[in-house]
Amino acid sequence: MPWSGEHVFPAAIQTSVLVRVVAVEACVVVVGIALVLGHGLWTGVAGRRNAARLARGRTALESILGGGRGLNVLAALPRRLRLEVLLGVAPSLAGAQHLRLTALADELGIVASAEARCRSRWWWRRLHGVRLCTLLGGGATAVPPLLDDRRKEVRAQAAQWVAHRHDEGLIHRLLRMLDLDKGTTRFAVKDSLVRIGRPVVGPLAEHLSVRAGPSLAPALEVALALADPALLPAALALCADELPLIRALAASVAGAIGGGPAVEAVSLMLGDDAAEVRAAAARALGRAGHWPVAPSLFGLLSDGSWEVRLQAAVALRTLGTPGMLFLRRAASSGDNDASDAARLMLDLPDSTLRTL
Amino acid sequence: MALLHLVLLRVESVILVYFLLVNSFYGVLLVSAAWDLLSYRIRTWREDRSWLLGSPVAPRISMLAPAHNEGPTVAESVRSLLTLRYPNLEVVLINDGSTDDTMAVLRREFDLVAVHRMFKRSVEHKPLVGLYRSPANPRLVVVDKENGGKADALNAGINIASGALVCAIDADTIIEPDAMLRMVAPFLSGDDVVATGGTIRVANGARVRAGRVLEARVPRQPLAGIQVAEYLRAFLVGRLGWNRLGGNLIISGAFGLFRRDSVLAAGGYTEGTVGEDMELVVRLRRRGLDYGLPHRVVFVADPVAWTEVPSSMKVLGSQRDRWHRGLSDVVWRNRGLFLNPRYGSLGLAVFPYYVIVELLAPVVEAFGLVGLTLGVATGAIDWGFAALFFLVAYGYALVLDVLTLLMEELSYRRYHRMRDRLLLLLWGALGSIGYRQCTVYWRLRGIKKFLQKRTDWGTMTRAGFQTSDPAAGDEEPSG
C-alpha cells in the first residue's frame, strides 16, 4: 500500500495537513511580497516628497544659524524631518553655533522632549533621550542621574554627554565609573575625560593619589593622553607600585610629561625586573627626548626581551642624532639582537616614526 | 519488493523528522535574527558615528590584506583601505609569493622603501623576502614573502601588525568607508569579545568606482542573482540569528576583526586546512572557554564588505566543494565539542547545529531525493503525497527568502530600485529549483574529497576584479 503519511505520523502528517501548510505558506509569501514591494513603493514616494521639505528645512536652518529667520519653516516640518535637519549638522557645529542650535532645538520643543525621554521607564527611550541631548544640547538635570543607569548603553551615552561639560562634580563621577564599569562605559568614560581636557587634571591627580590596584590602569591611560605636569607627582608615586602594569603606565605618563624629576625616576626603571616596565620606561625616555640616557638605552638593545629591544631602538631613533649614533654602533656590532633592532630603526622613514 | 518498500518508508520517515527539526530551527533563527536586528537598530538610533573618529583612545586596527597575483587591482585596493574612516588604522599588505607584477606595482605606486626584516615571530609562516614602508603613506606596511597560502600570509601579517585588533580581509574585497567604526563597537562594549564579523554582500552587478560601491544592484545573471539572495539569507538570518543563541562559529575570511593577542596566543591560523577562518574562530572560542579568556564572537550586520561571487557553475562548484571540505575538517578537528556540556551553548547547540544541519544536510537531502524518487517509482510512496511534501519544502524555503527580503527592506534597504527588489524575489524563488540540488552535489563532493584528505583550493576566477586566486579566499555564506 502506498505511503501517504498515515503509517508513520498518523496525526501530524496527513495529506490534508500538508495542504493546509502549503496554503499558510502561500499566504505568508503573498503578504511578504506585498510588504516588500509596498514598502519599497512607499519609501520611494515619501523619499521624493521629503527631499524637497528637507532641502527647505536645511536652508532655513542655515539662515537661522547665520542670524536670519526661518523658524516657521522648521516648525512646519514633521517632527522626524525636523530632527533629521538638526541632527544632520549637529556633529559639525561647535561653540556659539552649537549654542544657537541648542536654543533652536529648545524653541522647537526638541530639548524638552529629549529630557522627557531621559526620564522614561524604558531603557531605549532613555538612551535616545540622552543621545539627543548629547547631539543637540540640554539635559542639565535630566542626564546626570543616567550616569548610574542600570543599562550600560545609557551610562555610556551619558558619559559621552559629559564630554561637553566641564563640571567638576560630573568629572569626579566619571572617574569613579573608571573603577566600576567595564566595556562600553569604560571606553566612553576614558574618551570623555580626555576630550574634556584640562579641567580633568585636578580631579584625576587626586584620583591617582588615593586609589590603588589594577583599576588605576584606565585612569593612567587618561593621564597619558592628557600629559599634564600637574599629574607628575601622582605618576612618580605610582612608578613604585607593586603591579608591573601600573609601573609601566606610570613610567609612560612620567615620560610623556617630561622634565628632570620624571627622567630621573624613569631612568631607574630601565633596570626593572618586569620586561613590560623596562620597555615602557625606554619608550618614555625617548618620548621625553632626554638624550643623556642614550647609553642606557643602547644597553637595552641586548635585553632578553624582544619588546624591550624594540622600544629601546624606537627611543634611540626618537632622540635624534645622539640616538642615531648609538643605533649605527649597534647595527655594526656582533650582537645579532641589537643589530637587528638598530637596523630596522635606521631603515624606517621619518614619517613612519609616529606610527610606532 | 516488500522489503524495499519498508526500507524506503523508514528512510523517508527519518528524513521527514530531520526536515521538521531543521526547518523549525531555521524558523527559530529567523525570529532570533529579527529580534537582534530590532535591538541593534534601537541601540544605534541616531548614533553619532563620527564621534569615534575623533577619539584619542580608539584601539589601533591593523588591516591584513593577503594578495596573490593581484597586480591589476592591488594599488586601488590599498588606496581604498588607506581611506577607510577610522582614527587609528594600519594597513598591512602581504604579497604571498605573487608571480605577476604585484610587488612592482606596489613599489611604484607607493614609493616603498625596504626596511630591515625584524619582527617578533610569534606564529610560524614561510620566510619573508622583504619588508617595506612607504614614506608617503606611513600607515602602510608591505610584507613580501614566499608563497604559502592565505593562512600563512595572514600569520605573517599578524606577526608584523602593531594593532591591538587585526582585521583579516581579502585584498580584492571592497570595504565600506565607515565599516570599521561599526565593526569595532563590540570590542569597546565588552572585554569578553574575541572576534567580530560583518556582512558580506555580492558586488556583481553593483556600480563600483575607485574601490567604492556607489550603488548596490541585483545582477541579471541568474547564477550571481541567486547567490545575492543566498548571501542575504546566510548573513541576515543565519549569522545574525546566532548572536542570541550562543554565538557564531564562522567569521568571514574576507572580513573579520580579531583581538590580536588572542589570535597569537592561540597559535594563529592553521595551515593544511581549507577552512582556516572557521577553524580559527572555533579554536578561539574553545580556548577562551577552556582557560577563562575572552571568547565571545559577535556578528554585526551593518559593516559591509563587498565581494564578487562566481558567475560560472564550474567555479561555483569548486568553491562550494572547498567550503564543505573546510567545514568537514573543522568539525573533525573539534569533534570533542559535540554535545559537550563543558562548553555550554557552544557544545550543546552551536556545534551540533553545524554538524547536523550544515555538515550532514547534503547527505540527508540526497538520500531524501533518491528515496522519494525510488519510492514514487516503485509505488511505495503515493506520488500525490510526494508532490505535496515537495511543495511544502519548497514553500518553506520561499517563506524564509521572502521574510529575509522583508527584513532587509525594513532595515538596511541597500537595493533602492523596484527592479532590484523584483529581481531579488525572483532569484530567491528560483534558488530552490536546480541551484539547491547542485549545491547538494558539490557539498557531497566536498565530503568525499575530505575523506580522501584533499586540501587543494581549486581556482577562483573573478570577472570584475580580474583575479585568479588560489590563495586569497572568498567568503562562505553558509550558516
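You'll find the structure just up there.
Below: a short report on this structure.

With that out of the way, let us pick up the overall build of chain B. In terms of regular secondary structure, chain B is built from 15 helices and 12 strands. Taken over C-alpha atoms, the radius of gyration comes to 23 Å for chain B, in line with the 23 Å a tight globule of 479 residues would show. Taken along its principal axes, the extent of the C-alpha atoms in chain B is 80 × 45 × 45 Å. Across the 479 residues of chain B, 54% fall into the buried class. Long-range contacts, defined as pairs at least 24 residues apart, comprise 80% of the intrachain contacts of chain B with a sequence gap of at least 6.

Time to look at the packing of helix α1 (residues 15-65) of chain A against helix α15 (residues 418-451) of chain B. At a closest axis distance of 10 Å, the pairing of α1(A) and α15(B) adopts a crossing angle of 165°. Relative to α15(B), α1(A) is oriented roughly antiparallel. For the pair α1(A) and α15(B), the sense of crossing is right-handed. For the pair α1(A) and α15(B), the contacting residues are I33(A), V36(A), L37(A) and G40(A) in the first and M418(B), R421(B) and L425(B) in the second. Among the residues making up the contact of α1(A) with α15(B), the classes are represented as 5 nonpolar, 1 polar and 1 charged.

Moving on, we get to the pairing of strand β11 (residues 255-259) of chain B. Side-chain direction in a regular strand flips from residue to residue, so the side chains alternate between the two faces of the sheet. All names here are of chain B. A large share of β11 lies buried, amounting to 5 of its 5 residues. The alternating pattern of β11 places F255, L257 and R259 and G256 and F258 on opposite faces, both of which are buried. In this structure, strand β6 (residues 165-169) lies alongside β11, joined through 5 bridges in antiparallel fashion. For I169, the partnering residue across the bridge sits in β11 and is F255.

Moving on, we come to the nonpolar core. Core analysis: the biggest nonpolar cluster contains 240 residues, and A254(A) and L64(B) have the highest contact counts within it. The element that contributes the greatest number of residues to this core is helix α14 (residues 383-410) of chain B, accounting for 13 residues.

This part is about the interface of chain B and chain A. Every contact between the two is made by 51 residues of chain B and, on the other side, 53 residues of chain A. Secondary-structure elements contributing two or more residues to the side of chain B that touches chain A are α1 (2-43), α2 (50-53), β3 (113-115), α7 (185-189), α14 and α15 of chain B. No other element matches α14(B), which puts 15 residues into the side of chain B that touches chain A. In the side of chain B that touches chain A, the residues fall into 30 nonpolar, 8 polar and 13 charged.

About the criteria used
- Residues numbered from 1 in each chain as written.
- Chains lettered and ligands numbered in written order.
- Predicted model: local features only at pLDDT ≥ 70, side-chain atom pairs only at ≥ 80, totals over all residues.
- Helix = DSSP H or I, 4+ residues; strand = E, 2+ residues; numbered from the N terminus.
- Rg over C-alpha atoms; globule rule 2.2 N^0.38 Å.
- Buried ≥ 20, exposed ≤ 12 C-beta atoms within 10 Å, placed from the backbone.
- Contact = placed C-beta atoms within 7 Å.
- Axes fitted to C-alpha atoms, helices over the stretch in contact; angles between N-to-C directions.
- Parallel < 35°, antiparallel > 145°, perpendicular 65-115°, else oblique.
- Left-handed = near helix turned anticlockwise from the far one by under 90°.
- Nonpolar A, V, L, I, M, F, W, Y, C, P; charged D, E, K, R; others polar.
- Pairing = 2+ DSSP bridges.
- Core = buried A, V, L, I, M, F, W, Y, C linked by C-beta atoms within 7 Å.

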